[in-house]
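# Per-entry structural report
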Amino acid sequence: AGNKQTILFYTLHLSPPCRAVELTAKALGLQLERKIVDLLGGDHLKPEFLKLNPQHTIPVLDDNGTIVSESHAIMIYLVRKYAKDNILYPTDLIGQARVNALLHFESGVLFARLRFITDRIEYVQTAYRLLEDTLADNFVAGPTMTIADFSCVSTVASLMGFVPMEKSTHPKIYAWIERMQQLPYYEEANGAGAADLAKRILLAMKANRKA
């Protein structure tokens, strides 16, 4: 792609939404210049970051002065601007509606439940069941891989690190994850960060039990 200028990406590898964007960029063959935002250190509350994103959340993309925040918006923007075809984010109305529905499912159900993880295990199990029932095809929004898969797998891979999922009751999710893991960039863009986040949450849960 003729993007000689730099695309800045404000990110943290632990964050599932950030990893979803990483997967999208890799699928498009884009080089992002990563700016690590230390949430614990309060980087996201600094004036220069608030200028970029008043909602002080990550990820944020700065594409030569075009600022896009929120992972789903960033993914759609990148595909629309840099993809050579419409596979990852369809232009046809029905295909696009399916992908949009799954992007909303990811933020409204999967990612929302990641936040309650420490005390609501059964809440996550319900989300797994909903996703299992949704997977009528090889990928979440149909027969081909789209950005909805990147979005959902970034959160599901993190959830599975500390809320185990039975393969016997969730065969479609396991098969789907195996399909995603075949991407040459999967481990770098998502797997390692997901495992890291799971470890941190498990440690936090142990600490809470002792407290």
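Residues numbered from 1 in each chain as written. Predicted model: local features only at pLDDT ≥ 70, side-chain atom pairs only at ≥ 80, totals over all residues. Heavy atoms only, no water.

For the protein, an unreviewed UniProt entry supplies the name glutathione transferase and the organism Anopheles atroparvus. According to its UniProt record, the protein has this under Catalytic activity (unreviewed entry): "RX + glutathione = an S-substituted glutathione + a halide anion + H(+)". (UniProt positions renumbered as here; feature names shortened; annotations may be inferred.)

In this model, helix H6 (residues 147-160) (14 residues) spans 20 Å end to end at C-alpha, consistent with the 20 Å of a helix rising 1.5 Å per residue. Burial within H6 is extensive, with 13 of its 14 residues counted as buried. (Helix = DSSP H or I, 4+ residues; strand = E, 2+ residues; numbered from the N terminus. Expected span 1.5 Å × (residues − 1). Buried < 20%, exposed > 50% of the residue type's maximum accessible area, 1.4 Å probe, protein only.)

Note that serine 158 resides in helix H6. Those residues in contact with serine 158, other than ones at most four positions away along the chain, are Pro16, Arg19, Leu114, Ala194, Leu197 and Ala198. (Contact = heavy atoms within 4.5 Å.)

Here the focus is the sheet that holds strand E4 (residues 66-69). What the four strands build is an open sheet, ordered E2-E1-E3-E4; its pairing is mixed. The open sheet has two edge strands with one neighbour each: strand E2 (32-36) and E4. For this sheet, the mean inter-axis angle between neighbouring strands, taken without regard to orientation, is 20°. Of the strand pairs in this sheet, strand E1 (residues 7-11) and strand E3 (residues 60-63) are connected by four bridges, and their pairing is antiparallel. Bridge assignment links isoleucine 7 to a residue of E3, and that residue is aspartate 63. (Pairing = 2+ DSSP bridges. Axes fitted to C-alpha atoms, helices over the stretch in contact; angles between N-to-C directions.)

So, about the side chain of histidine 170. Note that histidine 170 resides in the loop between H6 and helix H7 (171-181). There is a polar contact of 2.9 Å between the side chain of histidine 170 and the side chain of threonine 169. Beyond its immediate stretch of four places on either side in the chain, histidine 170 contacts Tyr128, Arg129, Glu132 and Met165. (Polar contact = N/O pair within 3.5 Å; in protein donor to acceptor, adjacent residues only side chain to side chain.)

This paragraph deals with the UniProt feature "domain: GST N-terminal" (unreviewed entry) in the protein. The UniProt entry lists residues 5-86 under the feature "domain: GST N-terminal" (unreviewed entry), expressed in the numbering used here. With 38% helix and 22% strand, residues 5-86 has end C-alpha atoms that lie 23 Å from one another.

Turning our eyes to something else, we now look at unusual backbone geometry. Here the amide bond leading from isoleucine 58 into proline 59 is cis, since omega sits at 0°, within 30 degrees of zero. Within the secondary structure, proline 59 sits in the loop between helix H2 (47-52) and E3. Residue histidine 56 is not a glycine yet carries a positive backbone phi of 40°. The phi torsion at glutamate 70 lies on the positive side, around 80°, for a residue other than glycine. Here glutamate 70 lies in the loop between E4 and helix H3 (71-82).

Covered by surrounding structure in E3 are Val60 and Asp62 together with Leu61 and Asp63, the residues of both alternating faces. In the sheet, E3 pairs with E4 via four bridges, with the strands oriented antiparallel. Bridge pairing links leucine 61 to valine 68 in E4. Once E3 ends, the chain turns through two residues before running back antiparallel as E4, passing asparagine 64 with a positive phi of about 50°.

This part covers the layout of surface pockets. Take a probe with the size of a water molecule and roll it over the atoms, and the empty space left behind shows itself. Empty space within the largest pocket amounts to approximately 830 Å³. As for the largest pocket, its lining consists of 29 residues, of which Ser15, Pro16, Pro17, Leu39 and Phe111 are closest to the centre. Of all the secondary-structure elements, those providing two or more residues to the lining of the largest pocket are helix H1 (16-28), H3, helix H4 (93-115) and helix H8 (186-210). Top contributing element to the lining of the largest pocket by residue count: H4, with five residues. Its residues assigned to classes, the lining of the largest pocket shows 14 nonpolar, ten polar and five charged. (1 Å grid on protein atoms, 1.4 Å probe; cavity = no way out; pocket = protein on both sides within 12 Å on 5 of 7 lines; lining within 4 Å. Points joined across faces, edges and corners; volume = space filled by probe spheres on them. Nonpolar A, V, L, I, M, F, W, Y, C, P; charged D, E, K, R; others polar.)

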